[in-house]
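Reading the structure
Read off the chains here:
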Amino acid sequence: MLDRVEEVGSDKRTFFELLGGEAGGIDKIRQLVEMFYDIMDTDPKAEGIRKMHQADLTAAREKLFMFLTGWTGGPQLYVERYGHPMLRKRHLPFPIDESARDQWMYCIIKAMHQLDYDEDLMKSLATQLYGVADFMRNQ
Ligand code: HEM
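Read on for an overview of the structure.

Conventions and cut-offs
Residues numbered from 1 in each chain as written. Predicted model: local features only at pLDDT ≥ 70, side-chain atom pairs only at ≥ 80, totals over all residues. Helix = DSSP H or I, 4+ residues; strand = E, 2+ residues; numbered from the N terminus. Rg over C-alpha atoms; globule rule 2.2 N^0.38 Å. Buried ≥ 20, exposed ≤ 12 C-beta atoms within 10 Å, placed from the backbone. Contact = placed C-beta atoms within 7 Å. Near = placed C-beta within 6 Å. Nonpolar A, V, L, I, M, F, W, Y, C, P; charged D, E, K, R; others polar. Expected span 1.5 Å × (residues − 1). Axes fitted to C-alpha atoms, helices over the stretch in contact; angles between N-to-C directions. Parallel < 35°, antiparallel > 145°, perpendicular 65-115°, else oblique. Left-handed = near helix turned anticlockwise from the far one by under 90°. Arc of directions from axis to C-beta. Core = buried A, V, L, I, M, F, W, Y, C linked by C-beta atoms within 7 Å.

1. What to know about the overall build of the protein chain
Counting its secondary structure elements, the protein chain contains eight helices and zero strands. Start at the N end of the protein chain and walk to the C end: the helices and strands fall as α-α-α-α-α-α-α-α. For 139 residues, the compact-globule estimate of 2.2 N^0.38 gives 14 Å, and the protein chain sits close to it at 14 Å. In terms of its C-alpha atoms, the protein chain occupies a principal-axis envelope of roughly 35 × 30 × 25 Å. Across the 139 residues that make up the protein chain, the buried fraction comes to 26%. Contacts in the protein chain between residues far apart in sequence, at least 24 positions, make up 69% of those at least 6 positions apart.

2. Regarding the site of the ligand
In the vicinity of the ligand lie 22 residues, with Met52, Gln54, Lys63, Phe67 and Trp104 positioned nearest. For the shell around the ligand, the secondary structure elements donating two or more residues are α4 (58–71), α6 (87–91), α7 (98–114) and α8 (119–135). A total of five residues in the shell around the ligand trace back to one element, the largest contributor, which is α4. Residues belonging to the shell around the ligand are distributed by class as follows: 16 nonpolar, three polar and three charged.

3. Points about α7
End to end, α7 covers 24 Å across 17 residues, agreeing with the expected 24 Å (1.5 Å per residue, within 8%). When we look at burial in α7, the residues that qualify are Ala100, Gln103, Trp104, Cys107, Ile108, Ala111 and Met112. Immediately downstream of α7, the backbone of Asp116 shows phi near 55°, a positive value.

4. Points about the packing of helix α2 (residues 21–42) against α7
For the pair α2 and α7, interaxial distance at closest approach is 8 Å and the crossing angle is 125°. Taken together, α2 and α7 sit at an angle that is classed as oblique. The way α2 lies across α7 gives a crossing that is right-handed. In this structure, α2 uses Leu32, Met35, Phe36, Ile39 and Met40 to contact α7, whose residues at the interface are Cys107, Ile108, Lys110, Ala111, Met112 and Gln114.

5. Points about α2
When the terminal C-alpha atoms of α2 are compared, their 30 Å separation across 22 residues agrees well with the 32 Å that a helix rising 1.5 Å per residue should span. Gly25, Lys28, Ile29, Leu32, Val33, Phe36, Tyr37 and Met40 are the residues of α2 that are buried. End-on view of α2: buried residues confined to an arc of 155°, all on one side of the axis. Turned more than 90 degrees off the buried face of α2, the exposed positions are Ala23, Gly24, Asp27 and Thr42. Of the surrounding secondary structure, the elements contacted by the buried residues of α2 are α1 (15–18), α3 (47–50), α4 and α7.

6. Focus on the nonpolar core
Residues Val33, Phe36, Leu68 and Cys107 are the most contacted members of the largest nonpolar core, which totals 26 residues. Elements supplying a minimum of two residues to this core: α1, α2, α4 and α7. Residue contacts for Val33: discarding those within four places in its chain leaves Arg61, Leu64, Phe65 and Leu68.

What follows is the structure, encoded as structure tokens:
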């Protein structure tokens, strides 16, 4: 999962490269994560999953940023710091059902829209992230 190279059409570049690679990919992922949590924090549609998180989202922001940087094909910041993500296990304390999954997807898709992501890139990224979000479901 961590080293995956995504295909966007016939393009075999990683998401990280498509987002700007070393030049701008890190900033793009930082922006996406900031926007994602800002939406989760304020949009009533995400209230259910917002309540699962701590009041202070600083640590969550940092961890998702580190994770997604590696997951998209950039530097493995999360793994270097915390080791194997074991994401499903780390999410077991939270009751994640279809509604929680869909709220998470709603936030990330809204963030991509607000950041004017290219339509094909957005669809492709959303499809891959949906797979991860659905895998987190534990009820
Ligand atoms: C499916 C719905 C999801 C819900 C409801 C959810 C909820 C949560 C919650 C409540 C935390 C703890 C944050 C805190 O400490 O305040 C967390 C941590 C985290 N989530 Fe999710 N999450 C979901 C999906 C995902 C997905 C799809 C990804 C990755 C693409 C992800 C990546 C992470 C990471 C990297 C952490 C930090 C883990 C750690 O080191 O403690 N989550 N999530």
